[in-house]
Amino acid sequence: GAGVSQSPSNKVTEKGKDVELRCDPISGHTALYWYRQRLGQGLEFLIYFQGNSAPDKSGLPSDRFSAERTGESVSTLTIQRTQQEDSAVYLCASSLGSGSSYEQYFGPGTRLTVT
Amino acid sequence: AQTVTQSQPEMSVQEAETVTLSCTYDTSESDYYLFWYKQPPSRQMILVIRQEAYKQQNATENRFSVNFQKAAKSFSLKISDSQLGDAAMYFCAYRSAGQGGKLIFGQGTELSVKP
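Residues numbered from 1 in each chain as written. Chains lettered and ligands numbered in written order. Predicted model: local features only at pLDDT ≥ 70, side-chain atom pairs only at ≥ 80, totals over all residues. Heavy atoms only, no water.

## Points about the interface of chain A and chain B
Taken together, the 27 residues of chain A in the interface contact 22 residues of chain B. With both sides pooled, the region where chain A packs onto chain B buries about 1900 Å², and carbon together with sulfur makes up 42% of that total. The largest per-residue losses of area from chain A upon contact with chain B belong to Leu43(A), Ser100(A) and Phe106(A), which jointly make up 31% of the total buried on that side. The tally of links from chain A across to chain B stands at 0 salt bridges. Joining chain A to chain B, the criterion identifies 10 residue pairs in polar contact (both at pLDDT 80 or more). Counting only elements with at least two residues in the side of chain A that touches chain B, the list comes to β4 (31–37), β5 (43–50), β8 (88–95) and β10 (110–114) of chain A. (Contact = heavy atoms within 4.5 Å. Buried area = accessible area lost by both parts, 1.4 Å probe. Salt bridge = Lys/Arg side-chain N within 4 Å of Asp/Glu carboxyl O. Polar contact = N/O pair within 3.5 Å; in protein donor to acceptor, adjacent residues only side chain to side chain. Helix = DSSP H or I, 4+ residues; strand = E, 2+ residues; numbered from the N terminus.)

Encoded structure:
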């Protein structure tokens, strides 16, 4: 079946502009995660959605970052007033549930470049 | 807070030889999961192997095996009979047991395989 998809694959934006990144999880997966990967670094957790529960936003680096998810489908990550330090690959992952026994399946990521 | 450390930014191995990638972590929790992920240039994160902390037996997946030392908080990955396709970034990751399940990643080790 189809895996996790993300769009766009690459995004170049000017400093100060807003950007929206999209994630389509695997059908039936109730949990969805966003991570950020700066150049040469490991992944940093940003936000997590589980069904209709309140999201875990503990990893969002500033109030310029926000994310939404409608039910158990698509999620969008929005970065307002982008800064050069926001340049990174943004990865989305989904899993069947939020329990630790469930594997997270990752998408190919969106490479964001802020000029 | 939990942390994961990979002290080898780069490693190299000859094709068909064996290589070991190191990972240490810090946690006060007794129940958790540990993972090794592979990230090729395509950016797609691929789960290589997982280990439940409550299991004493080291996990094995074909040519990949781990050496899990819970008291020492060490979790190394051994790749036997290395193949050219094993060349990639390898990330060690930690996940608390229970709900939520965000992954905490190390900085990564870039593995190159020489023919």
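## Things to note about the pairing of β10(A)
Residues and elements named next belong to chain A. Going residue by residue along β10, you find Thr110, Leu112 and Val114 tucked away on one face and Arg111 and Thr113 left uncovered on the opposite face. Judged from the 4 bridges that link them, strand β2 (residues 10–13) and β10 form a sheet pairing that is parallel. Each bridged residue has a counterpart across the sheet, and for Asn10 the counterpart in β10 is Arg111. As paired strands, β8 and β10 are joined by 3 bridges and run antiparallel to one another. Note on β10: the bridge partner recorded for Ala88 is Leu112. (Buried < 20%, exposed > 50% of the residue type's maximum accessible area, 1.4 Å probe, protein only. Pairing = 2+ DSSP bridges.)

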